[in-house]
Structures are given as structure tokens and as C-alpha cells.
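# Results of the structural survey
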Amino acid sequence: MSTLDIALAVIGSAVLLIGLLSDPLKRRWLSGPLLALVLGVLLGPHVTGVLDPARWGEVSTLLEEVARLTVAVSLMGIALRLPRGYLREHWRSLVIVLGPVMVLMWLVSGLLVFALLAVPIWVALLVGAVLTPTDPVVASTIVQGRLAQRLLPARLRHFLSAESGANDTLAYPLVFLALLMLEKPASSAVGEWLWRVVIAENVGAVLLGGALGYLVGRLMLWGYRRDTFAPTSHLLFSVALTVAVLGATHLTGANGLLAVFVAGLVFRGVIPEDEDRTEERVQEGVNDFFLLPVFVLLGLALPWERWADLGWRGPALVVAVLLLRRLPAFVALSPAMRTVRGRSEAFFLGWFGPIGVAALYYGTLSWHESGHALVWTVASLVISASVLVHGISATPFSRRLSQAGERAGARR
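A short tour of the structure in this document, coming up. For clarity, every value in this text was computed on a predicted model and none was experimentally measured.

On the surface, Val190, Leu194, Trp195, Ile199, Val203 and Leu207 cluster together into a nonpolar patch covering about 590 Å² of accessible area. Among the secondary structure elements, leucine 194 is positioned in helix H12 (residues 186-225).

Now the structure itself:
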């Protein structure tokens, strides 16, 4: 119990302190996830030894469940934050970034793992699928807050949010295609993937999430009309919907993250327009509460010895993935995206495809399903590097983009 008390006190204090100083920290190029990750490393068994997650049981299982819940909460926040009709208005740009760009991100990441680590191709593609999603949790730190609102146009902030939410849910079929190809003959694997993963688990998630989102939205309306709904119930409804959808999809075997995102979008469309701003603010607070502890936990559990076993290939893979996974494909296809205006915005959006809690969830899930510890080793290494690099570069790159926009406006 003393270890639990220490963990609760430290993580709770970290959340309070980082939350209190979030805007000043961003102005100094520091992000909450980065500070939380560093805190976890300092408290972990390799530095001070104050907290040792190995004493808590199966650490990978704990990481998987905490990451799943954290990503689900973030997806609900994105669904409530997007303007009504945004997906319909910007569907062409989103189709490009969620279609060819995302497939290229998967293939490039997988081929880099294959080339540098010399592992079987489907193991490499499994790692590539884990690294594909643009993380909604880390992305939220870039697009939220007063500094982001001042530096970035709402159009770009919404685009990053929408893409990170959607492609996080769509990484699920890629991960399970690789898992099935490792377990079964190709013809059998593809058939099961199409019928079970794509149709049953993903289409089923859309239907189940949409039904639950609509039902909860109608219940809220019923409470408004009969004056039984208290303002404090906003938090209850948002979190309860997220948890209920996760639980229901876990029982049915559907894609829980996709179901949560759809449930949030449908729920947002049902509730009164003057109330969805309140739901958005509430959900942003909930997202921040879950965001920082998961990075402290990741810092505690980093596999330093396995990273060392990779030798020079580990850092080389990190640099190659961060530079080649997303940026070239996004910039090349950006002229077809109406939402993206000019090369400055294309480079900015192409660079900010952070790898974070979504990859943590898929990485631990894939490790458990396949037994390949390399997935966790590479995923944790690239996640840590992405949190560092994207966290430090977020503010200066945002400032540069803002200045470029001001110069372009002055020339007009």
C-alpha cells in the first residue's frame, strides 16, 4: 500500500503542477507529456527507484488498459470539439490523409523496420502498423490551449484533431491484418480479416457506437425537458458514455476506439448546440486528467536494456521513422487537400504526426497477441523520441507558421 500511496501522491502532484503551468511551459517549448515522461524515468527503477512497476504485476497489461482508456477519452474529446458538420465539409481532404497517406505511412514504417532490423516482413509490417496512427492524445497538446488558439488557425487545429481521431481508429484493421498474416496462411488470414475484422468488428463498432451515442444524447434531452438534468451531470454523461462504449465493444469483440469516436460524433449531433460547448470544456479537462499519468507510467516501464540490444539500429530507425514515415507522403499529396493551403501548412501538418498513446496501446496489444517483444521495444523507443521531438518543436514551429501566415496576409 505504501508504494500505491507514493504513486498516487507523485502522479497526482505532477498532474496538478503541469496543469497549473501548462501555458508557460508551452511558451518555453515544453509539453506536458514530455515532462510526465521524464518524471516517470526519474522515479523509475533505473534512476531513483522510488517506483518500480514490476512490483505491481504484469506491467504490459496495465499499460495496455490504461492506454486504451486514455485514447478513448481523447477520442471522445475530439468528437465533442469538432464543429458540427466538419467531417462532411472537409471529407475530401480527410479521405486523402486517411487513405493513401495512411497506407504509405504504414508501408514506409514497416519497410524501415524490415531494412534496419532484418526481421520477417510481417513482423516489420506489424511494427509499422503500430507506428502508423497520428496520436490524438499528444496531438491534443498541440491544438489546445490559449497559445495554440493564438498561433494556429482553427481550420488547422480542427484538421489535426479530426485526422488523429479517425486514423487512430483505422489503424486497428492494419494491426490485425499483420497479426493474422503471422498466425495463418495468407488466403485464410485475408478471408478472416475481411469478414471478422473489417466487417464484423469495425462495421459493428460503427453501429454500436452510433446507437449508444444517440441513446445517451436522447436521454440528456429527456433530462433537459423534464428539468431533471443538473449542470454537474455533464461530466457524468461524457465519461459514462466513453466507458459504456468501451465495455460494450470489449464484450462483443468490436473495435472499441472506433465505436467511442462514432458515439461522440452522434452524441454531439443530438444534444442542443448551446450545450455542446460545455461538453467540450468538460471533456478537455477529463482528457488532461488521463493524459499525464499514462506518460508517467510509460516512463517507469521503458525497456532500456532492450533498447541497448538494438545498438546503432535503434537511433537510426527513430530518425528514419520520424523523418520519412509521414512528411514526404503528406507534402506530396497536400495539393489535393483543399483544407491545406500552401507549402508551409503542408510541411507543418506533415511534420506533426506525433506517435504516442495510440501506438502504446497497439504496441502492447500486438505484443500480447503475437508474442513478439520487438513490437514493444521499437514502439516504446519511437514513442519516447516522438514525445521529445514533437514536444520541443511544437511551439517554435507553430510560431513560424503563424509568422508565415502574417507575411502572406500582408503581401495580399
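The discussion continues.
Glancing now at the side chain of threonine 70. Relative to the assigned elements, threonine 70 resides in helix H4 (residues 59-81). Separated by 2.7 Å, the side chain of threonine 70 and the backbone oxygen of valine 66 make a polar contact. Setting aside its immediate chain neighbours within four residues, threonine 70 contacts Val137, Phe290, Leu291, Val294 and Val357.

Within the largest apolar cluster, 125 residues are counted, with the highest numbers of intra-cluster contacts made by Phe295 and Tyr362. The element contributing the most residues to this core is helix H11 (residues 154-183), with 15 residues. If we ignore the near neighbours within four places in the chain, the residues touching phenylalanine 295 are Pro33, Ala36, Leu37, Val137, Val138, Val357 and Val387.

Let's shift gears to helix H6 (residues 91-98). By the burial criterion, the buried members of H6 are Ser93, Leu94, Ile96, Val97 and Leu98. Turning to H6, the residues buried within the fold contact helix H5 (86-89), helix H7 (100-117), H11 and helix H18 (327-333).

Looking now at the pattern of salt bridges. It is possible for side chains of opposite charge to pair when their charged atoms get near one another. All chains considered together, the criterion is met by six salt bridges. One salt bridge in this structure joins arginine 68 and glutamate 65, with 3.0 Å as the shortest N-O distance. One end of the pair, arginine 68, and the other, glutamate 65, are both in helix H4, three residues apart, so they sit about a helical turn from each other. Taking the relative accessible area as the measure of exposure, glutamate 65 reaches 34% and is therefore partly exposed. Ionic pairing is found between glutamate 192 and arginine 196, a salt bridge with its closest N-O pair at 2.9 Å. Separated by four residues within a single helix, glutamate 192 and arginine 196 lie in helix H12, roughly one turn from each other.

About the cut-offs
Residues numbered from 1 in each chain as written. Predicted model: local features only at pLDDT ≥ 70, side-chain atom pairs only at ≥ 80, totals over all residues. Heavy atoms only, no water. Patch = residues over 30% accessible without salt bridge, like charges linked within 9 Å, V, L, I, M, F, W, Y side chains within 5 Å. Areas by Shrake-Rupley, 256 points an atom, 1.4 Å probe, with all protein chains shown as cover. Salt bridge = Lys/Arg side-chain N within 4 Å of Asp/Glu carboxyl O. Helix = DSSP H or I, 4+ residues; strand = E, 2+ residues; numbered from the N terminus. Polar contact = N/O pair within 3.5 Å; in protein donor to acceptor, adjacent residues only side chain to side chain. Contact = heavy atoms within 4.5 Å. Core = buried A, V, L, I, M, F, W, Y, C linked by side-chain atoms within 4.5 Å. Buried < 20%, exposed > 50% of the residue type's maximum accessible area, 1.4 Å probe, protein only.

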